[in-house]
Amino acid sequence: MLNAWALWQILRGPASPRAVALPREVVWLRRLLYADVAGDLLLWELLDDVSDVAEYAATWAVWTAIMFLLVRSLAGVSARFRIIALGLALTGVLAAALRMFAEGPLLTASLLLMMATLGCKAMIIAGQGRDGRFSAVTVAIGWTALLVPQVYSLLLAGRLTFDGLSLAVHALDGLIVVWAARTAHELAAPGPGVAAPGTGRTPRLLAAAVVLVLPMAAVGAEGDAQLTYTAADEGCRDRLRPAAGLGPEERRRSFLCLARGGTFAADTMFPEDLADQRILAHGTQLCALPGDRERHELHERAGGTADSIELAAALEYLCPGIVARQNAEAKRRQAERDRQEAAWKAEANARCADPWPRVRARRQGTAAYMLSEGGGYAVFDDRDDSAGDPGDIYGGDGEAADIFDAVEDGFIDAAGSSAAIVTHKENSAICMTVKVFDSAPPLRLTGWDQVVEVGIASRSGRLVVPPHPKGGDSGAAGPLPDLAIAGPGHYRLRVHARTLPWDEKDPDAPLEEHLLVVYPGRSKDKVVHRPPR
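### Notes on the nonpolar core
For step 1, the next point in the chain: One finds Leu29, Leu33, Ile66, Met67, Ile124 and Trp179 to be the most contacted residues of the largest nonpolar core, which totals 38 residues.
For step 2, the next point in the chain: Where this core is concerned, the elements lending two or more residues are helix H1 (2-11), helix H2 (24-50), helix H3 (52-73), helix H4 (79-99), helix H6 (115-130), helix H7 (136-157) and helix H9 (175-186).
For step 3, the next point in the chain: Excluding residues that lie within four positions of it along the chain, Leu29 makes contacts with Ile66, Leu69, Leu70, Ser73 and Leu187.
For step 4, the next point in the chain: Ranked by size, the runner-up nonpolar core spans 27 residues in total, among them Ile421, Val454, Val495 and Val518.

Quick look at the structure:
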């Protein structure tokens, strides 16, 4: 609506027909004003695409001529008035010209001198009020276009923002074009000192509406009040106290301290231009939600950024107990995950049985072994760090077993206090049984696809098959005993492997089985009891 009104003001033509020929300088002034209107609407933008220097120079030249001609054409003002206005105009014009070449302190000085241009414009508008050719509406539009941006800039300098007023100020930027067009129109009036039509009571009321009512309408009704906000206090976190025992006002201030502060992932937890009252209202909405996931999703939809822990720490001041509820919810979810994982492991272990039940060992155990991507597993001394990490079968440092050497061998690689064994399967479970003897047991080959024996040492007195870690992806799903039955020393590791038939009644049953036989022995030789078939 404002744009439509502005275009009508620009395009409607002179306020009244010319009775006599206008003075030459007035003719040129009107031409320049119309040229500036066309420039503001379109031409300056097109010229800026070609060269910003050319655009700056063109606007500077046109406005320079307009100011000097307007001061000369004003009627009803004294010679002293004209001299002061022309002096201000000249100072502002020279400062604007120097701005293109100034740097450092000289640039700052030129910007300050350009304030003289504002003084000249103010004197021109005041002079229009004494010149009978210009209506009160034109004068009111001129004052609004000149003063509103300056007042708004002062408000911004005080770090106060008003969303509605900001929108109104940007909308009112076009009033300077309307003022220039109306000034050009009304210069066609009969002559200085003769009141132009429409300068009575009605235009004055309209002028009052432009100056007062329009900004008030932009601010909005009380139900949509524009709220101020406080900037973040960088030292407020050092003064924070536990929420317990604080009064409501202190809790709100503490919440705002964290809400205005930075987070791990962003500069601030809430948008910087959001009012304190809006943040408090938004925090109250978050407090009403049942879980941290719902709170986090709503917070992100509102433009906020923070992880669930940071958000809960801030909300603890606004709604005490939320951290305790969050911790309780996290423990409940973890307990549920642990229960599901335990059930999954129990189900997998139940599918595996001892493949050599007639021979009892000093130590033994059977469990499902969960393989990760690539397959393979290790047997190692988990307390021997003399060769780095012997449990890392991808180490490749020559002092520990390497799965790639095992792949090249076709089955197993042993070095120092570790052994790496290849599996045919990956990303699935195999059945694993370990049997530990005081001496070499009978050799069992029947039913196995491969049987290979190697030497392995234990420096600390332990040899283990790694357990499946909580939340991990590889390891034994059930307890398996320590294989170093005689403490530190040398052992023989005999590994049996075979594939299992697929059971259509149990598609998830393991398709591979390994039997590990361990007993004390000093030999480091590798013995292939049964090569792969």
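This is not the end of the story, as more comes after the structure.
### Digging into the sheet that holds strand E3 (residues 412-415)
For step 1, the next point in the chain: Strand order in the open sheet formed by 3 strands is E2-E4-E3, and the pairing between neighbours is antiparallel. Lying at the two open borders of the sheet, with one neighbouring strand each, are strand E2 (377-380) and E3. Between one strand and the next, the sheet's axes are offset by a mean angle of 15°, whatever the strand orientation.
For step 2, the next point in the chain: Sheet topology note: the E2/strand E4 (residues 418-421) ladder contains 4 bridges and is antiparallel. Within E4, the residue paired with Ala378 across the bridge is Ala420.

### A few points about the sheet that holds strand E6 (residues 450-458)
For step 1, the next point in the chain: If you trace the 7 strands from one edge of the open sheet to the other, you get E7-E1-E5-E9-E8-E6-E10, paired in mixed fashion. The sheet is open, and its two borders are formed by strand E7 (475-476) and strand E10 (527-530), each paired with just one other strand.
For step 2, the next point in the chain: Bridging between E6 and strand E8 (residues 489-499) involves 9 bridges; their strand directions are antiparallel. If you follow Val452 over to E8, its bridge partner there is Val495.

### Things to note about the state of the cysteines
For step 1, the next point in the chain: Tallied over the full model, the rule gives 3 disulfides.
For step 2, the next point in the chain: Across the disulfide, Cys236 is cross-linked to Cys257 (sulfur-sulfur distance 1.9 Å). One quick way to see it: the torsion about the S-S bond of Cys236 and Cys257 is about 85°, and its sign makes the bridge right-handed. You can see Cys236 sitting in the loop between helix H10 (201-219) and helix H11 (248-260) and its partner Cys257 sitting in helix H11, a full 21 residues away along the chain.
For step 3, the next point in the chain: Accessibility expressed as a relative area gives 11% for Cys236, which makes it buried.
For step 4, the next point in the chain: When its relative accessible area of 8% is taken as the criterion, Cys257 is described as buried.
For step 5, the next point in the chain: For the protein, the disulfide bridges join cysteines in the arrangement 1-2, 3-4, 5-6, where the cysteines are counted in sequence order.

Conventions adopted
- Residues numbered from 1 in each chain as written.
- Predicted model: local features only at pLDDT ≥ 70, side-chain atom pairs only at ≥ 80, totals over all residues.
- Heavy atoms only, no water.
- Core = buried A, V, L, I, M, F, W, Y, C linked by side-chain atoms within 4.5 Å.
- Buried < 20%, exposed > 50% of the residue type's maximum accessible area, 1.4 Å probe, protein only.
- Helix = DSSP H or I, 4+ residues; strand = E, 2+ residues; numbered from the N terminus.
- Contact = heavy atoms within 4.5 Å.
- Pairing = 2+ DSSP bridges.
- Axes fitted to C-alpha atoms, helices over the stretch in contact; angles between N-to-C directions.
- Disulfide = S-S within 2.5 Å.

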